[in-house]
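Listed below are the residues making up each chain.
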Amino acid sequence: MSTDTDATAGTDATAGSEATAGSDATTDTTSAGPTSTTEMTAPTSTDGATEATTDGDTDATTEDTDSATGDLPPELDAACESLCEKFIACDWEPQYRNVDSCKLDCASNTPGGMCIAPAVALYQCVGGLTCEELVAEEWPSCAAEEEAFPEACGEPDCQNLSSSGGPDSCSYGYVCPNAPAQEIACEGDTCTCLVDGEAMGTCGASEGFCDLEPYEKADIAFECCGFEF
């Protein structure tokens with residue numbers, strides 16, 4: 001998570017964009033630049049795709065939250081929890097299914113060292129906003145915390161990858177600096193998990209995948225491939 005506005009818990013967790021629809025196959029690569037210092041929506045890198053079944057069932061992979069966050073400074077753990085509880089309560093980042101999955105993202109994307117103290121201050125401030133304040137484009141009451149967050153502590157911008165070849169042919173994914181490109185490509189009744197363009201597994205395509213919202217595609221990418229967008 002990095003702390004751009006399109007970041008999340010510290011927060012550039014990822015930014016999504018919808019796959020374009022059209023009759024000709026097109027490929028979109030757009031910069032997912034942050035807009036405020038804390039939006040939680042960026043893909044996190046994963047170690048690879050899960051092997052999916054060919055009969056339409058999907059294998060979801062999950063990380064052990066305790067092992068990923070157990071060594072966190074207690075103040076950062078508490079700040080991530082406060083931030084994530086606010087996100088869930090306000091339904092601000094629908095790709096997070098629960099507080100634990102959000103905390104995992106928050107913890108794994110918050111740099112250590114000099115970044116911890118300003119991250120804690122920022123997360124605590126955002127966690128104290130009302131839902132109305134949270135959904136606003138700017139957070140005046142957290143301006144000081146946003147300004148104090150060092151630029152060096154933010155994650156590099158990721159780029160959204162999307163393509164469309166018609167209603168039953170499209171792809172969705174991300175590429176981030178220093179991480180492999182991850183993409184789920186669906187054609188007909190089969191989706192393929194791609195890491196740097198190489199197929200890592202397949203699963204049955206969900207009906208209407210190409211027409212889904214970005215966060216819904218991200219859920220399927222997680223269930224099918226283990227990708228966290």
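This is a predicted model, so every value here is computed, not measured.

## Considerations on the overall build of the chain
Consideration 1: Broken down by element type, the chain carries 7 helices and 6 strands.
Consideration 2: Scored against the burial criterion, the 229 residues of the chain give a buried share of 48%.
Consideration 3: Once local pairs closer than 6 in sequence are excluded, the contacts in the chain between residues at least 24 apart make up 67%.
Consideration 4: Counting every atom, the chain has about 10500 Å² of accessible surface; 46% of that belongs to carbon and sulfur.

## Considerations on the confidence of the model for the chain
Consideration 1: Looking at the chain, pLDDT values average 73 and 67% of them are 70 or higher.
Consideration 2: Overall, residues 1-70 carries pLDDT values under 50, and its contacts beyond four positions in sequence, including any with other chains, amount to 260 contacts.

## Some details on the packing of aromatic side chains
Given two aromatic rings, one states the distance between the centres and the angle between the planes to describe the pair.
Consideration 1: Following the criterion strictly, the structure yields 3 aromatic pairs and no others.
Consideration 2: For the pair Phe87 and Trp92, a centre-to-centre distance of 5.0 Å together with 45° between the ring planes defines the contact as tilted.
Consideration 3: Assessed through its relative accessible area of 1%, Phe87 is described here as buried.
Consideration 4: The class of Trp92 is buried, set by a relative accessible area of 17%.
Consideration 5: Through pairs of rings, three or more aromatic residues link up here, namely Phe87, Trp92 and Trp139.

## A short note on a negative patch on the surface
Consideration 1: There is a patch of like negative charges on the surface, built from Asp168, Glu187, Glu207 and Asp211.
Consideration 2: You can see Asp211 is positioned in the loop between β6 (198-204) and α7 (214-225).

## Comments concerning the packing of helix α2 (residues 74-90) against helix α4 (residues 116-127)
A pair of packed helices is characterised by two quantities: the angle between their axes and the separation of those axes.
Consideration 1: The contact between α2 and α4 brings their axes to 8 Å, and the two run at 30°. In this view, α2 runs roughly parallel relative to α4, as classed from their interaxial angle. Considering only the axes of α2 and α4, their crossing is left-handed. Between α2, through Glu75, Leu76, Ala79, Cys80, Ser82, Leu83, Lys86 and Phe87, and α4, the contact on the second element is made entirely by Ile116, Val120, Tyr123, Gln124, Val126 and Gly127.

What counts as what
- Residues numbered from 1 in each chain as written.
- Predicted model: local features only at pLDDT ≥ 70, side-chain atom pairs only at ≥ 80, totals over all residues.
- Heavy atoms only, no water.
- Helix = DSSP H or I, 4+ residues; strand = E, 2+ residues; numbered from the N terminus.
- Buried < 20%, exposed > 50% of the residue type's maximum accessible area, 1.4 Å probe, protein only.
- Contact = heavy atoms within 4.5 Å.
- Areas by Shrake-Rupley, 256 points an atom, 1.4 Å probe, with all protein chains shown as cover.
- pLDDT = per-residue confidence, 0-100.
- Phe/Tyr/Trp six-rings, centres within 6.5 Å; stacked < 30°, edge-to-face > 60°.
- Patch = residues over 30% accessible without salt bridge, like charges linked within 9 Å, V, L, I, M, F, W, Y side chains within 5 Å.
- Salt bridge = Lys/Arg side-chain N within 4 Å of Asp/Glu carboxyl O.
- Lys, Arg positive; Asp, Glu negative; His and termini not counted.
- Charge placed at Lys NZ, Arg CZ, Asp CG, Glu CD.
- Axes fitted to C-alpha atoms, helices over the stretch in contact; angles between N-to-C directions.
- Parallel < 35°, antiparallel > 145°, perpendicular 65-115°, else oblique.
- Left-handed = near helix turned anticlockwise from the far one by under 90°.

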